[in-house]
Amino acid sequence: MRLRRLSNETEFFTHLADLATSLRTGTLILAELTGIPMEERRDAVSRLTEVADAADAAESAVLRALRENYATPVDRDSLYRLASTLREAVHRLEAVGFALSSSAFDEFPVGVHEFLAVLSNASDQTHTMLQRLPAKPDQWQYVESMSRLFHRAEMLHLQVSDAVPAARRGLVHLAAATLLGQMFYEAARSFAGMGAAVAEIAVRES
């Protein structure tokens, strides 16, 4: 395809904002999932799948814009990496939702609600960061915040998947809690990846 100069630099940030919206929607659905009856949880997961599909479309739009334009608002590699990690985070939230929907959980493990709060906090900060990024590429506060939240998530991962209290509820509950803890950890790691992508932009553009 013939290359052309970018005539509207807001195009990239619009698609990134769409990805951030998918993140926020995903964390809201996860919060809702923990407060509904067990038999309704899979319906909530199906909505998370729709959110993940929307994130796929937004990332594809970023990639299409990168193919069609050679003048970009920030470094091309950084834009690609940021869009990719945003999409990955949405899919990790979908995986958390699947783990939370397990019929093994008549009661969720200790630490689940606090972990969801960490993910929601990270999602909100990501949304705010992307609003500021066009005018201020050095978002170091966001980078530091994602690092702190990830370390907090590491401790909560251990709490959620703690084998002793889970084993008291039986092997099925233990297996479900272990899977949930791992999915929580992967979701938190994806936000840490976003922090790394934003740090790269700050180093190159500021």
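How each quantity is defined
- Residues numbered from 1 in each chain as written.
- Predicted model: local features only at pLDDT ≥ 70, side-chain atom pairs only at ≥ 80, totals over all residues.
- Heavy atoms only, no water.
- Helix = DSSP H or I, 4+ residues; strand = E, 2+ residues; numbered from the N terminus.
- Rg over C-alpha atoms; globule rule 2.2 N^0.38 Å.
- Phe/Tyr/Trp six-rings, centres within 6.5 Å; stacked < 30°, edge-to-face > 60°.
- Buried < 20%, exposed > 50% of the residue type's maximum accessible area, 1.4 Å probe, protein only.
- Axes fitted to C-alpha atoms, helices over the stretch in contact; angles between N-to-C directions.
- Parallel < 35°, antiparallel > 145°, perpendicular 65-115°, else oblique.
- Left-handed = near helix turned anticlockwise from the far one by under 90°.
- Nonpolar A, V, L, I, M, F, W, Y, C, P; charged D, E, K, R; others polar.
- Salt bridge = Lys/Arg side-chain N within 4 Å of Asp/Glu carboxyl O.
- Contact = heavy atoms within 4.5 Å.
- Expected span 1.5 Å × (residues − 1).
- Core = buried A, V, L, I, M, F, W, Y, C linked by side-chain atoms within 4.5 Å.

Caption draft 1: The overall build of the protein chain, seen in detail. Each helix and strand counted, the protein chain has 7 helices and 0 strands in total. Starting at the N terminus, the α and β elements of the protein chain follow one another as α-α-α-α-α-α-α. Relative to a compact globule of 206 residues, whose C-alpha radius of gyration would be 17 Å, the protein chain shows 18 Å and is just as compact. Taking the principal axes of the C-alpha coordinates as reference, the protein chain spans close to 60 × 30 × 20 Å.

Caption draft 2: The packing of aromatic side chains, seen in detail. Across all of its chains, the model carries 3 aromatic pairs by this definition. Ring geometry for Phe-115 against Phe-184: centres 4.2 Å apart, planes inclined by 15°, an arrangement best described as stacked. Here the residue Phe-115 occupies a position in helix H4 (residues 112-132), and Phe-184 occupies one in helix H7 (residues 171-205), the gap between them amounting to 69 residues. A single burial state applies to Phe-115 and to Phe-184, both of which are buried.

Caption draft 3: Looking closely at the packing of helix H3 (residues 76-100) against H7. Interaxial distance between H3 and H7 falls to 8 Å at its minimum, and their mutual angle equals 165°. The orientation of H3 with respect to H7, classified from their angle, is roughly antiparallel. The way H3 lies across H7 gives a crossing that is left-handed. The residue makeup of the contact of H3 with H7, split by class, is 17 nonpolar, 4 polar and 7 charged.

Caption draft 4: Representation of the pattern of salt bridges in the model. What the rule picks out here adds up to 10 salt bridges. With its nearest N and O atoms 3.3 Å apart, the salt bridge here joins Asp-124 to Arg-24. Placement of Asp-124 in helix H4 and of Arg-24 in helix H1 (residues 10-33) is noted, with a sequence separation of 100 residues between them. Relative accessible area serves as the criterion here: at 32%, Asp-124 is assigned to the partly exposed category. For the salt bridge of Glu-186 with Arg-189, the shortest nitrogen-to-oxygen distance reads 2.8 Å.

Caption draft 5: Fine view of the environment of Tyr-142. Along the chain, the position of Tyr-142 falls in helix H5 (residues 140-160). Expressed as a C-alpha distance, the spacing of Tyr-142 and Phe-98, which sit 44 residues apart in the sequence, is 28 Å. When neighbours within four sequence positions are excluded, Tyr-142 is seen to be in contact with Gln-125, Thr-126, Met-129, Met-194, Gly-195 and Val-198.

Caption draft 6: Local environment of H4. For H4, which comprises 21 residues, the first-to-last C-alpha distance of 31 Å matches the rise-based estimate of 30 Å (1.5 Å per residue) to within 8%. Residues Val-112, Phe-115, Leu-116, Val-118, Leu-119, Ala-122, Ser-123, Thr-126, His-127, Met-129 and Leu-130 constitute the buried set of H4. On its buried face, H4 is in contact with H1, H3, H5 and H7.

Caption draft 7: Spatial organisation of the nonpolar core. Counting residues in each nonpolar core, the largest one holds 66 residues, and the members touching the most others are Leu-16, Leu-82, Leu-100, Leu-180 and Phe-184. The set of elements that each furnish at least two residues to this core consists of H1, helix H2 (41-68), H3, H4, H5 and H7. Ranked by residues supplied to this core, first place goes to H7 with 14 residues. If we skip the residues at most four places from it in the chain, Leu-82 touches Leu-16, Leu-130, Leu-133, Ala-197, Val-198 and Ile-201.

Caption draft 8: Region of interest: the packing of H2 against H3. The interhelical angle for the contact between H2 and H3, taken along N-to-C directions, is 170°, at an axis separation of 9 Å. The angle between H2 and H3 falls in the class roughly antiparallel. Grouping the amino acids of the contact of H2 with H3 by side-chain chemistry returns 15 nonpolar, 4 polar and 7 charged.

Caption draft 9: How the structure looks around the side chain of Gln-139. Tracing the sequence through the fold places Gln-139 in the loop between H4 and H5. Leave out the neighbours within four places in its chain, and Gln-139 touches Met-129, Arg-132, Leu-133, Val-198 and Ala-202.

By themselves these figures say nothing about function.
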